[in-house]
Amino acid sequence: MGAAILDALRLTLPVRQHGEHLLVETRPDASRRWLESLPYGDMRQAMPKVLKALGSLNRTELSPHARAGLMPDYENSYHLAAHYYRRMGRMHTQNRISLDERLELHSLTREMAFAYKLIVNDTLAQRGSPKGKTLLMAIHAAIHYLGLMLMGCYENYTPAPVHLWRELYGLFAFAVQHELTDAEIESEAIRDGLPNIAAEFKRIALIALTDPYRLSRVEHWEIFQYLSYWVDLADVAQSEEHELDSYHFLVDLTGGGKPAAMTSHTVLPGGARWWINTKFLVARLHQHQQTLESSHEELNLGFSRRLPRHECLQILSCLRRAWEEPPERNHPRFPKINRVDVIWSVAAIHELFRALDPLSAGETAMPSSTQSFHLEDGSECGVSWEALNGSEGGLCLSQHSASVHQLEVGQLAAICEHMDGHPTSRWSLAVLRWLSNDHHRTTLGLEFLRGDVQVACIHALHGNKIELRPKPAFLISGYEVQGISTPTIIAPRGLHREGRMLCLQIGEEQIYLHARNRVEATTTFERFFYQTFEPSSEQLQSDHADRLEDDVMIDFSGHELGNKESDWDKF
């Protein structure tokens, strides 16, 4: 029985190495004292030591009971390291952790998964029995850390190891076979773990369905935390049903691929099928959206307390699209073999468009394909990319460098395609929608921003004063957004606030306006509608009215332009 179980699980394990026991402390009390003595206030010093010790431990011969006895102390060390780096990763750009630190944390997560898989493997090899508290805990923890490995891949936009989903499915199928999925685990057994195996499995399967390479790094962990509260509303079960609605997602436990949405191209596997049903979870999402939209009180829905309300709504909308009725591709792809120049960041693109704008006095030199430039965080990224394929809605680009860590999903881009080996004179705006990095090659997807682009500057109005320093902005017109043809403004993140008074400057012309409905907010920019208004006649006669370089005293009692029964009444 034991051999058959081990063969079915097919766990990937580290190779045992002779002499590794000399490099690590295997006595529980001594191991605990050593781990507690590490300088966790300086995580760059502490984490490599924990990683080295656990790596040696995983390559040392130990009984399952002895290994399980050492793991709670490593759990505490991992918890401190992971929370430190995830908190730093959510701070302002200059405080983000380095690529080396991200990869080191990912390696530590892999070693934690190795440790628990070793306990599962050795326990079954010795006894061949699925019963026992140690085995239950080890299966639960192995699934938990394999899930965290996937989260690390999503956060770093790297592909998951080829064996990872196969191992997750094997451990879950084993737990199903022996009725372990709903068995409760002690609350302190696994830090940040869920109460049972079924909940752990459903959480990571549901995140996989959100197309995580399209999410920003902050959103990955917010969804992870949100599901900690509500994952029980989803159901995973075996079914032979043929009439399935859009809330059912296929989980092929005999395969090695991630859970999949049902589309017209889905090929159902033979035999018994497993499904995740999200109907009740989506119903709760609807409730949470309505509550956030109608109430201004502070609500605890499962997101971080510091997450702004509009970002909570944005994540809920993303989850509804993923779990209710995932969209199929609307436009066919076609191959493209040419070069594309890409400029990133709102500030750099604004400088470029000013140089091209006849209303501006910009004298910026055009970028060359061999040039690199600095992003918001100070890192460099090359201009030249290779177009792999395209569609009516966007382009898929690739570059032979690991530039994925300098980019963010949701970044604004300016693109210029090459024709016959030479760049064209036309630059267009696009948004980075997904990222992937494999073997030092970065691949990404850009979605075109349709419409005519006019470069502008925008000033926020604070009380009766115009902000001294202008911010870069773009006026997009001539294309419908959310069914409305009214122009929209793209400006740096943080400028929009509903009803906020702004001053838009295009060339020598100034337009006073109110910020209205925001249609998109990413990590770097916001796009919103606006409504113009006229300042008072006294303000128009002021000698300082058109001097944006000075603080201007303005009486904003003028009337608003436009029909009161306008498209704005739809929001």
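Novice: In this structure, what is going on with the overall build of the protein? I would like to understand it.
Specialist: Counting its regular elements, the protein contains 13 helices and 20 strands. Out of the 571 residues in the protein, the part that is buried amounts to 50%. Here the contacts in the protein between residues at least 6 apart in sequence split such that 70% fall between residues at least 24 apart. Entry remark: accessible area of the protein is about 27400 Å², with carbon and sulfur atoms responsible for 49%.

Novice: Before we go on, may I ask you to explain the pattern of salt bridges in this structure?
Specialist: Side chains that differ in charge, positive against negative, can pair when their charged atoms come close. Per the stated rule, a full pass over the model turns up 17 salt bridges. In this structure, Arg102 and Glu155 form a salt bridge, with 3.3 Å as the shortest nitrogen-oxygen distance. Here Arg102 is found in helix α5 (residues 99–127), whereas its partner Glu155 is found in helix α6 (residues 133–156), with 53 residues between them in sequence. Across the salt bridge formed by Glu324 and Arg320, the nearest N and O atoms sit 3.5 Å from each other. One salt-bridge network, held together by shared partners, links Asp29, Arg32 and Asp73.

Novice: Looking at this structure, I do not really get the packing of aromatic side chains. What am I missing?
Specialist: We describe a pair of aromatic rings using the distance from one ring centre to the other and the angle between the two ring planes. For the structure on display, the rule yields 13 aromatic pairs. Measuring from centroid to centroid gives 6.0 Å for Phe172 and Trp274, while their planes differ by 80°, and the two rings are edge-to-face. Of this pair, Phe172 sits in helix α7 (residues 164–177) while Trp274 is found in strand β4 (residues 273–277), placing the two residues 102 residues apart along the sequence. In this pair, the class of Phe172 matches that of Trp274, namely buried. Linked through ring pairs, Trp165, Tyr169, Phe172, Phe201 and Trp274 together constitute an aromatic cluster. Against the face of Phe224 rests Arg203, its NZ or CZ located 3.7 Å from the ring centre.

Novice: Looking at this model, I keep getting lost on α6. Mind explaining?
Specialist: In an α-helix, one turn spans 3.6 residues; hence positions three or four apart end up facing the same way. Taking 1.5 Å of rise per residue, the 24 residues of α6 would be expected to cover 34 Å, and the 35 Å separating its terminal C-alpha atoms lies within 8% of that figure. Buried residues dominate α6, accounting for 22 of its 24 residues. One or two steps after α6, the chain reaches Tyr157, where phi turns positive at roughly 60°.

Novice: Explain the sheet that holds β4 here, please?
Specialist: Consider a sheet: its strands pair through backbone hydrogen bonds, and that pairing is either parallel or antiparallel. Strand order across the open sheet formed by 4 strands is β1-β4-β2-β3, with antiparallel pairing between neighbours. The open sheet is flanked by β1 (235–239) and β3 (260–261), the only strands paired with a single partner. As defined by bridge partners, strand β2 (residues 248–251) adjoins β4 across 4 bridges and the pair is classed as antiparallel. Its bridge partner being in β4, Phe249 is matched across the sheet by Ile276. Packing against the sheet, helix α8 (residues 197–208) makes contact with β1, β2 and β4, and its axis sits at approximately 90° to β1.

Novice: Would you explain the packing of α6 against α7 in this entry?
Specialist: Two quantities define a packed helix pair, namely the angle between the helix axes and the distance between the axes. Between α6 and α7, the shortest axis-to-axis distance is 10 Å and the interhelical angle comes to 155°. Relative to α7, α6 is oriented roughly antiparallel. The element α6 and its partner α7 pack so that their crossing is left-handed. Across the interface between the two elements, Leu135, Ile139, Ala142, Ile143, Leu146, Met149, Leu150 and Tyr154 of α6 pack against Leu164, Trp165, Glu167, Leu168, Leu171, Phe172 and Phe174 of α7.

Novice: How should I be thinking about the environment of Ala355 in this particular structure?
Specialist: Within the secondary structure layout, Ala355 lies in helix α12 (residues 346–356). Separated by 100 residues in sequence, Ala355 and Val455 have C-alpha atoms that sit 9.8 Å apart.

Novice: Just to check I follow, could you spell out unusual backbone geometry for this structure?
Specialist: Phi is mostly negative for residues that are not glycine, and the peptide bonds are mostly trans. For Glu179, which is not a glycine, the phi torsion comes out positive at approximately 55°. You can see Glu179 is positioned in the loop between α7 and α8. Of note in this structure, Ser345 is not a glycine but carries a positive phi near 80°. The class for Ser345 is buried, based on a relative accessible area of 5%.

Novice: Even after reading the chapter, I still don't get helix α10 (residues 279–294), so can you show me in this structure?
Specialist: Helix length check: α10 (16 residues) gives 23 Å between terminal C-alpha atoms against 22 Å at 1.5 Å per residue, within 8%. All buried positions along α10 are accounted for by Leu281, Val282, Leu285, His288, Gln289 and Leu292. Along the axis of α10, the buried residues cluster in a sector spanning 110°; they form a single face. Exposed and oriented more than 90 degrees from the buried face of α10 are Phe280, Gln290 and Ser294. Buried positions along α10 lie against α8, α9 (217–230) and α11 (309–323).

Novice: When you look at the nonpolar core in this model, what are you seeing that I'm missing?
Specialist: Counting 121 residues, the largest nonpolar core has Tyr74 and Trp323 as its most contacted members. The dominant element in this core, judged by the number of residues it contributes, is α6, at 16 residues. Sequence-distant contacts of Trp323, that is, excluding residues within four places in its chain, are made with Leu206, Leu209, Thr210, Leu227, Ser246, Tyr247, Phe249, Thr278, Leu281, Val282 and Leu285. Ranked by size, the runner-up nonpolar core spans 18 residues in total, among them Ile349, Cys416, Trp427 and Ile490.

Novice: So what exactly am I meant to see when it comes to the confidence of the model for the protein here?
Specialist: Do not read the predicted coordinates in detail wherever pLDDT is low. Averaged over the protein, the pLDDT score is 81; the fraction of residues at 70 or greater is 80%. Confidence scores differ between elements of the protein, with helix α13 (residues 537–541) showing the lowest mean pLDDT of 48 and α8 the highest of 95. pLDDT under 50 marks residues 91–95. Its contacts with residues more than four places away, or in other chains, come to 2 contacts. The model gives residues 539–571 a pLDDT under 50, and that stretch makes 67 contacts with residues more than four places away or in other chains.

Novice: Help me understand the side chain of Thr60 in this model?
Specialist: Relative to the assigned elements, Thr60 resides in the loop between α3 (43–58) and α4 (64–89). Look at Thr60 and you get buried, because its relative accessible area is 4%. Of note is the side chain of Thr60, whose polar atom sits 2.7 Å from the backbone oxygen of Ser56.

Novice: When you look at the packing of α6 against α9 in this model, what are you seeing that I'm missing?
Specialist: Their axes nearest at 9 Å, the elements α6 and α9 cross at an angle of 155°. Classed by the angle they form, the pair α6 and α9 counts as roughly antiparallel. Contacts between α6 and α9 involve Leu148, Met151, Tyr154 and Glu155 from the first element and Arg217, His220, Trp221 and Phe224 from the second. Residue classes in the contact of α6 with α9 are distributed as 5 nonpolar, 1 polar and 2 charged.

Novice: So what exactly am I meant to see when it comes to the environment of Gly494 here?
Specialist: With respect to the helices and strands, the residue Gly494 is situated in the loop between β17 (488–492) and β18 (501–506). Considering only alpha carbons, one finds Gly494 and Thr523, 29 residues apart in sequence, at a separation of 9.7 Å.

Novice: Where do I start with the environment of Asn277 in this structure?
Specialist: Among the structural elements, Asn277 can be located in strand β4. In this structure, the C-alpha to C-alpha distance between Asn277 and Ala237, residues 40 residues apart in sequence, is 8.2 Å. In contact with Asn277, other than residues within four places in its own chain, are Leu233, Ala234, Asp235, Tyr247 and His248. A polar contact of 3.0 Å, which involves the side chain of Asn277, links it to the backbone nitrogen of Lys279.

Thresholds applied
- Residues numbered from 1 in each chain as written.
- Predicted model: local features only at pLDDT ≥ 70, side-chain atom pairs only at ≥ 80, totals over all residues.
- Heavy atoms only, no water.
- Helix = DSSP H or I, 4+ residues; strand = E, 2+ residues; numbered from the N terminus.
- Buried < 20%, exposed > 50% of the residue type's maximum accessible area, 1.4 Å probe, protein only.
- Contact = heavy atoms within 4.5 Å.
- Areas by Shrake-Rupley, 256 points an atom, 1.4 Å probe, with all protein chains shown as cover.
- Salt bridge = Lys/Arg side-chain N within 4 Å of Asp/Glu carboxyl O.
- Phe/Tyr/Trp six-rings, centres within 6.5 Å; stacked < 30°, edge-to-face > 60°.
- Lys NZ or Arg CZ within 6 Å of the ring centre and 35° of its normal.
- Expected span 1.5 Å × (residues − 1).
- Pairing = 2+ DSSP bridges.
- Axes fitted to C-alpha atoms, helices over the stretch in contact; angles between N-to-C directions.
- Parallel < 35°, antiparallel > 145°, perpendicular 65-115°, else oblique.
- Left-handed = near helix turned anticlockwise from the far one by under 90°.
- Arc of directions from axis to C-beta.
- Core = buried A, V, L, I, M, F, W, Y, C linked by side-chain atoms within 4.5 Å.
- pLDDT = per-residue confidence, 0-100.
- Polar contact = N/O pair within 3.5 Å; in protein donor to acceptor, adjacent residues only side chain to side chain.
- Nonpolar A, V, L, I, M, F, W, Y, C, P; charged D, E, K, R; others polar.

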